Amino acid sequence: MTGSASAVEIIDSEVRELIRRRGLDPWQDPSQIGSLVDEVIADYEDRSLLSTLPPVGDSRFAARTVFDQVAGLGPLQRYLDDPEVEEIWVNAPGKVFIARHGRSELTTTVMTAGQIANLVERMLRTSGRRLDVSTPFVDALLPDGSRLHVVIPDITRRYLALNIRKFVLHAHSLDELVSLGSLTGHAARFLEAAVAAGLNVIVSGGTQAGKTTLLSCLCASIPPRERVVSCEEVFELKFSLPDVVSMQTRQPNLEGTGEIPLRRLVKEALRMRPSRIIVGEVRQEECLDLLIALNSGMPGMCSIHANSAREAVIKLCTLPLLAGENIGHAFVVPTVAASVDLVVHTATDHLGQRRIREIVALPGRVEGEVIETADIFTTREDRLTRAEGFPPHPERFARLGIDLAALLAPVGAPAGASPAESSGASAGHGQPHRQAEL
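About the thresholds
Residues numbered from 1 in each chain as written. Predicted model: local features only at pLDDT ≥ 70, side-chain atom pairs only at ≥ 80, totals over all residues. Heavy atoms only, no water. Helix = DSSP H or I, 4+ residues; strand = E, 2+ residues; numbered from the N terminus. Phe/Tyr/Trp six-rings, centres within 6.5 Å; stacked < 30°, edge-to-face > 60°. Buried < 20%, exposed > 50% of the residue type's maximum accessible area, 1.4 Å probe, protein only. Pairing = 2+ DSSP bridges.

How should I be thinking about the environment of Ile-371 in this particular structure?
Mapped onto the elements, Ile-371 comes out in strand 15 (residues 370-380). The spacing of Ile-371 and Arg-250 is 121 residues in sequence and 35 Å in space, taken between C-alpha atoms.

Could you clarify how one ought to interpret the packing of aromatic side chains in this entry?
When we look at a pair of aromatic rings, we describe it by the centre distance and by the angle of the planes. As enumerated under the stated definition, the model contains three aromatic pairs in all. Aromatic pair Trp-89 and Phe-97: ring centres 5.8 Å apart, planes at 5°, arrangement stacked. An angle of 40° between the planes, with centres 6.0 Å apart, marks the rings of Phe-190 and Phe-377 as tilted. One end of the pair, Phe-190, is in helix 7 (residues 185-196); the other, Phe-377, is in strand 15, and 187 residues separate them in sequence. With relative accessibility at 1%, the residue Phe-377 sits in the buried group.

Looking at this model, I keep getting lost on the pairing of strand 5 (residues 147-151). Mind explaining?
Along any regular strand, the residues point their side chains to alternate faces of the sheet. Counted residue by residue, strand 5 has four buried out of five residues, so it is predominantly covered. Both strand 4 (residues 137-141) and strand 5 contribute to a ladder of five bridges, which runs antiparallel. The residue of strand 5 that forms the bridge with Val-138 is Val-150. Where strand 4 hands over to strand 5, the hairpin turn is made up of five residues, of which Gly-145 adopts a positive phi near 95°. Relative to strand 6 (residues 161-165), strand 5 runs antiparallel, the two being bridged by five bridges. Considered in strand 6, the bridge of Arg-147 is made with Arg-165.

What is the right way to look at the pairing of strand 8 (residues 228-232) in this model?
For strand 8, the buried fraction is high: five of the five residues fall into the buried class. Here strand 8 shows a buried face lined by Val-228, Ser-230 and Glu-232 and a second buried face lined by Val-229 and Cys-231. Where strand 8 lies against strand 9 (residues 244-248), five bridges are found, and the strand directions are parallel. When the sheet's bridge partners are listed, Val-229 is paired in strand 9 with Val-245. Alignment of strand 8 against strand 10 (residues 276-279), held across four bridges, turns out to be parallel. Note that in strand 10 the partner of Val-229 across the bridge is Ile-277.

Here it is as structure tokens:
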């Protein structure tokens with residue numbers, strides 16, 4: 001075992017030397033690196049037969065190990081290659097965790113502090129982002145689309161903290177979400193029609209609840225004739241549309257200038273003749289600029305962290321207040337009620353399955369600081385079922401030739417039957433709910 005390890009070390013050293021001589025970039029030329037590793041191993045095996053060099057042993061294992069160390073992420077590469085692994089995080093050199101099917105696992109992988117630091121340096125090399133004492137946090141995108149987040153001491157207690165969130169897109173459309181069991185066919189048809197009709201949709205949910213995947217699937221329902229402009233902290237959304245411009249934020253440079261925040265991107269997007277604007281996620285005062293854009297007649301969608309659809313509405317009324325003291329509830333609350341049409345909430349159940357839990361409409365009515373909401377779909381007995389509410393702007397559906405009443409009629413209900421009649425609900429159950437006071 002010791003001899004095999006020594007052989008891998010020698011091969012690794014020879015591969016790195018050839019990379020330097022030939023001026024190759026391991027991240028940009030992985031296929032050439034793979035061929036180079038095979039070439040070095042073949043040459044090494046020939047030399048080891050006539051010398052005292054330690055034998056390679058398993059040449060396939062050696063090739064994989066050297067390739068991962070040179071052109072991959074070393075001990076972490078196998079988790080990136082595993083399609084079932086959703087996230088990787090390192091709390092300390094001996095504590096490497098992964099998330100699989102929504103559940104965390106402590107792995108047997110052990111790394112040194114130096115290995116972790118070298119990996120982070122390599123990962124950031126192609127991102128254009130930096131990590132130092134003045135900027136102890138970094139959020140970047142890896143070449144394969146995974147999202148990297150790093151925090152260094154002394155913000156952390158002792159060791160560098162590393163998170164790699166793989167963007168495992170299991171679905172590209174609402175129909176595929178139905179196939180995965182995350183959404184019912186009835187709700188999918190409604191959401192597809194709502195997006196086509198230009199309703200403003202907010203996707204809410206917790207961390208790792210599938211917000212980005214759901215938002216990408218909703219974007220797949222945008223008519224292909226529309227021009228879409230997206231704004232994200234780092235590129236995560238996937239589009240299959242012909243006319244798309246994607247923008248991401250930028251950190252300040254070493255002089256502290258050149259920063260491009262998300263709020264700036266939202267403003268610039270409005271100057272790019274969009275038919276629809278998509279914001280990856282609102283967390284701060286950029287929520288105000290998004291609401292103003294939506295309130296001006298610009299259709300759009302975004303995601304937000306929240307525990308329920310109604311809490312998402314409360315948060316949409318709170319985040320704009322971060323923009324300045326001159327922004328108050330008297331302006332924000334009616335703007336949210338008038339700008340947001342639907343909130344789609346997704347969550348992870350106890351088995352790690354991501355499911356749409358509710359679809360809530362905002363009819364646009366406000367009393368004081370209370371926004372009315374209406375359930376269109378809600379979860380009953382662990383299944384998403386039709387409720388009694390209807391979305392705003394029925395005329396937009398009518399323009400597309402969509403019969404909204406028929407579209408939302410419960411499965412198996414006679415044409416023209418109201419949801420309350422078909423479900424046997426009480427007369428008062430279909431009344432709009434009132435949002436908690438702010």
